[in-house]
Every structure is written in C-alpha cells, then in structure tokens.
Amino acid sequence: MSAKSFNVAVAGATGAVGNEMIKCLEARNFPVKNIKLLASSRSAGKKLSFMGDMVSVEELREDSFKGVDIALFSAGGGTSQTYAPHAASSGCVVIDNSSAWRMDPDVPLVVPEVNPHAIAGYKKKGIIANPNCSTIQMLVALNPIYRKFGIRRIVVSTYQAVSGTGKKAIDELFDQTRAMINFVDYSTNVYPHRIAFNCLPQIDVFLENGYTKEEMKMVNETRKIFENDKIGVTATTVRVPVFYSHSESVNVETLTPVSAEEVRALLAMAPGVKLMDDPKEKIYPMPILAAGQDLTLVGRIRKDESIENGINLWVCADNIRKGAATNAVQIAEILGRDYL
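Source: prediction; values computed, not measured.

1. So, the overall build of the protein chain
When helices and strands are counted, the protein chain shows 8 helices and 13 strands. Taken over C-alpha atoms, the radius of gyration comes to 20 Å for the protein chain, in line with the 20 Å a tight globule of 340 residues would show. Along the three orthogonal principal directions, the C-alpha set of the protein chain runs to about 60 × 55 × 45 Å. Evaluated residue by residue, the protein chain yields a buried proportion of 52% over its 340 residues. Summarising the internal contacts of the protein chain: among those between residues at least 6 apart in sequence, 66% fall at separations of at least 24. Carbon and sulfur atoms provide 51% of the accessible area of the protein chain, an area that totals close to 15300 Å².

What follows is the structure, given as structure tokens:
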C-alpha cells in the first residue's frame, strides 16, 4: 500500500464476519487513519479491540458515514439495502458482503485474484459487492484454468460449514453433538433438520426451478465475474457438520484439451492458491487445514475419464476469511492503492 491512509467503517462489527474484517485490517496492516465500528442499537456501547486500542461500537445510522472513505459491510442484505446508499451518498465507498447488490449491473462483483479490473466500476453507485463465499473459492481455483484453456461447463457440489449461517448455527452444531454423545434430547432451531452427524442438501430457500437460492448464486455470480454468460454452471450445495471452512468437488469441462499435470503446474503458481496434491502421501485439502488461512487449498486434481476435456478438483477455503472478510479487505487494498 502507499503512504495514503483512510477513514474506515465496519458495519456489522460485532458479527462473526465483521469481527474477522477487523482482524484482517490489522493483520494485513491496512492503512487505517481512523476506524468506526458500527452495529445495531443492541450492540452499541460494546468495546472491540483494534491495533491495541479499545474502540466503542456505535449504532448504525443513516448519518454514520460522514468523513468515512471506505465502509466494509457485513450486516445482512436488508441492512445493506437500507444503509449502503446512504454511505455512498456521503462519499464513502461500500464493500458489501451480503447478497443485496451482487447481481446489480451497476455494482462490480469482485474476487481480487480473478477480476480486479472490475473495481473501477464502483463509481456508478459507490458500492462493490463481495461474492458468495463458495463462489469465491471456486473461482480462485478455476481462474487460471479458465484464462488458459477456457471453460465450457462447471459441475460443483459443495460441503459447507455451519459458520456460513452464523454463530447460532455454530452453537446448534456444538449443542446437538454434545447432546447426542451424552444421549440426551436436543433442539433444532437454525436448520430444518438436525445438523449433527448429518448432511442437509439445502442451503437457503428452494426456488421454482428446484434449485436453492445458494445454488443459483453460484451459477449467476460465476457468469458475472468471468464476464461470460455462455459458461454452463450447475451446483448442488450441502450443509455439513463442520464448524469452519467450505469444501467443494469441482468438475470442469474445458474448451481445449488439458492434462492434470498442466493444471497442477498452473495452480502451483496461481495467486491465492495453495496446491496440496500428493495422494500417495495422503496430502490433500481438508477443512481443518483451510481454517484460519487466507489461501484457497486445491488438490485431488485428476482427469475426468468420462469426457474428453474434463478435470476434477477438490477445493477448500475458510469461508469467514477468504470467503468473506479477507476478500473484502483485499478489495479495499486495491481500491485505496489505485482509485482513491
């Protein structure tokens, strides 16, 4: 980063992702001149640590963004729809983690390793959207393949951690697991069925086409980020009893012939990727290895022998970090360096 520094706000600061955004700003040494931590009225007055100081959380209001240069939002779609325009009208650039603005044609949807050039479009509305966590890690892994060989079709199945739903879901998995181990009754509140020792083939609501909203997010966001509506994408998203880090089985059909060796060589040099692909030594990505990392782990790279130009990959990433907070801070770094 340059010698410039910025007044930064974090909306939704007391949530899991908002908290991680604060930690990422610290860890990446983002040039913060002043920081403003915002949340609902219920959290106002709480104190959170930033760079060794205790900072009081303020209530999120329409006038909270006066003098703020960059605002990181992780406060839910409804809150973003209400407050992001007020922030933008104050001269602040919003980087929003919700789904509220992702498919707005006037709002860039950005994965810094994939389409950093899209950030330039922030001037239309003063808002930049963070993609869905599952889309982010998939496209970090697929971008080098797409740029060199082209992609005709993507088939992805996800295995998503409960932290993607929030703290209540983390608590529910913990409580249900403990209850079952101790042979006592448990409650089901966050998910429609028990999540402990189970897999739920539903993330978000079902749509008329039989897909869930989460699945269609991956389809539509992939096409927008790659700037290619012709790519075939189909997704099945599953919630699994894992606390942190999403996993994905990704099958791609390329436009031109490609070998597993070529993909390994590409991904070994790809930004944001850590290649873990030595099956003989039982080295491959796992959620426990991705947790706490900013990198996307890729392994189990192999030829799909059922089609001519097919490749299979296994991808893991921390959904709270790279899938949300880190991606937002990376966008802020490019925004501050090249545009503000």
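There is more to say, and it comes next.
2. Concerning a nonpolar patch on the surface
A contiguous nonpolar patch, built from Phe 174, Phe 243 and Tyr 244 and spanning about 290 Å² of accessible area, is present on the exposed surface. Take Tyr 244: it is sitting in the loop between β9 (232-239) and β10 (246-254).

3. Digging into the packing of helix α3 (residues 133-149) against helix α8 (residues 321-338)
Running from N to C, α3 and α8 cross one another at 85 degrees; their axes reach a closest spacing of 8 Å. Taken as axis vectors, α3 and α8 run roughly perpendicular relative to one another. Judged by residue contacts, Cys 133, Ile 136 and Val 140 of α3 engage Lys 322, Gly 323 and Asn 327 from α8.

4. Comments concerning the nonpolar core
Ranked by internal contacts, the top residues of the largest apolar core, which has 53 residues, are Phe 65, Leu 142, Ile 154, Val 250 and Leu 313. Among the elements that take part in this core, α3 stands out by supplying 9 residues, more than any other. Core analysis: the next-biggest nonpolar cluster, separate from the first, contains 36 residues, Leu 72, Ile 320, Ile 331 and Ile 334 among them.

5. Digging into the sheet that holds β10
Ordered in space as β9-β8-β10-β13-β12-β11, the 6 strands form an open sheet in which the pairing is mixed. Each end of this open sheet is capped by a strand with a single partner; those strands are β9 and β11 (273-275). Strand-to-strand twist in this sheet, taken as the mean axis angle between neighbours without regard to direction, amounts to 25 degrees. Inspection of the sheet shows β11 paired to strand β12 (residues 296-304) by 3 bridges, in the parallel sense. Bridge pairing links Val 273 to Thr 296 in β12. α3 contacts β8 (151-160), β10, β11, β12 and β13 (310-317) of the sheet and is inclined by roughly 25 degrees relative to β10.

6. Some remarks on the pairing of β13
Counted residue by residue, β13 has 7 buried out of 8 residues, so it is predominantly covered. As paired elements, β10 and β13 share 8 bridges and run antiparallel to each other. Each bridged residue has a counterpart across the sheet, and for His 246 the counterpart in β13 is Ala 317. Hairpin connection from β12 to β13: 5 residues lie between these consecutive antiparallel strands.

7. Structural notes on the state of the cysteines
All told, the structure shown has 0 disulfides when counted by the stated rule. Lacking any disulfide linkage, Cys 92 is separated from the closest cysteine sulfur, that of Cys 24, by 18 Å. Considering cysteine sulfurs only, Cys 133 is the nearest to Cys 316, which forms no disulfide, with 13 Å between them.

8. Concerning the environment of Ala 118
With respect to the helices and strands, the residue Ala 118 is situated in the loop between β6 (93-96) and β7 (127-129). Of the residues examined, Ala 118 reaches a relative accessible area of 16% and is grouped as buried. The spacing of Ala 118 and Cys 199 is 81 residues in sequence and 36 Å in space, taken between C-alpha atoms.

9. Observations regarding the pairing of strand β5 (residues 70-73)
Residues in a regular strand point their side chains to alternate faces of the sheet. Of the two faces of β5, the one holding Ile 70 and Leu 72 and the one holding Ala 71 and Phe 73 are both buried throughout. Relative to β6, β5 runs parallel, the two sharing 4 bridges. Opposite Ile 70, over in β6, you have Val 93 as the bridge partner.

10. Quick look at the packing of α3 against helix α6 (residues 260-268)
The relative placement of two packed helices is expressed as an angle between their axes plus a distance between the axes. Look at α3 against α6: their axes get within 9 Å of each other, and the N-to-C directions meet at 120 degrees. When the axis of α3 is compared with that of α6, the two are oblique. The two elements α3 and α6 cross, and the hand of that crossing is right-handed. Where α3 abuts α6, its residues Ala 141, Pro 144, Ile 145, Lys 148 and Phe 149 lie against Glu 262, Val 263, Leu 266 and Leu 267. Classifying every residue of the contact of α3 with α6 by side-chain character gives 7 nonpolar, no polar and 2 charged.

11. Concerning the packing of aromatic side chains
Using the criterion set out here, one finds 5 aromatic pairs in the structure. Summarising the aromatic geometry, the rings of Phe 65 and Phe 73 are spaced 5.6 Å apart at their centres and angled 20 degrees between planes, so their arrangement reads as stacked. One exposure class covers both Phe 65 and Phe 73, and it is buried. The interplanar angle of 15 degrees and the centroid separation of 4.1 Å between the aromatic rings of Tyr 146 and Phe 226 together place this pair among those described as stacked. With Tyr 146 in helix α3 and Phe 226 in helix α5 (residues 213-226), this pair connects stretches of sequence that are 80 residues apart. For the pair shown, Tyr 146 and Phe 226 are each scored as buried.

What counts, and at which threshold
- Residues numbered from 1 in each chain as written.
- Predicted model: local features only at pLDDT ≥ 70, side-chain atom pairs only at ≥ 80, totals over all residues.
- Heavy atoms only, no water.
- Helix = DSSP H or I, 4+ residues; strand = E, 2+ residues; numbered from the N terminus.
- Rg over C-alpha atoms; globule rule 2.2 N^0.38 Å.
- Buried < 20%, exposed > 50% of the residue type's maximum accessible area, 1.4 Å probe, protein only.
- Contact = heavy atoms within 4.5 Å.
- Areas by Shrake-Rupley, 256 points an atom, 1.4 Å probe, with all protein chains shown as cover.
- Patch = residues over 30% accessible without salt bridge, like charges linked within 9 Å, V, L, I, M, F, W, Y side chains within 5 Å.
- Salt bridge = Lys/Arg side-chain N within 4 Å of Asp/Glu carboxyl O.
- Axes fitted to C-alpha atoms, helices over the stretch in contact; angles between N-to-C directions.
- Parallel < 35°, antiparallel > 145°, perpendicular 65-115°, else oblique.
- Core = buried A, V, L, I, M, F, W, Y, C linked by side-chain atoms within 4.5 Å.
- Pairing = 2+ DSSP bridges.
- Disulfide = S-S within 2.5 Å.
- Left-handed = near helix turned anticlockwise from the far one by under 90°.
- Nonpolar A, V, L, I, M, F, W, Y, C, P; charged D, E, K, R; others polar.
- Phe/Tyr/Trp six-rings, centres within 6.5 Å; stacked < 30°, edge-to-face > 60°.

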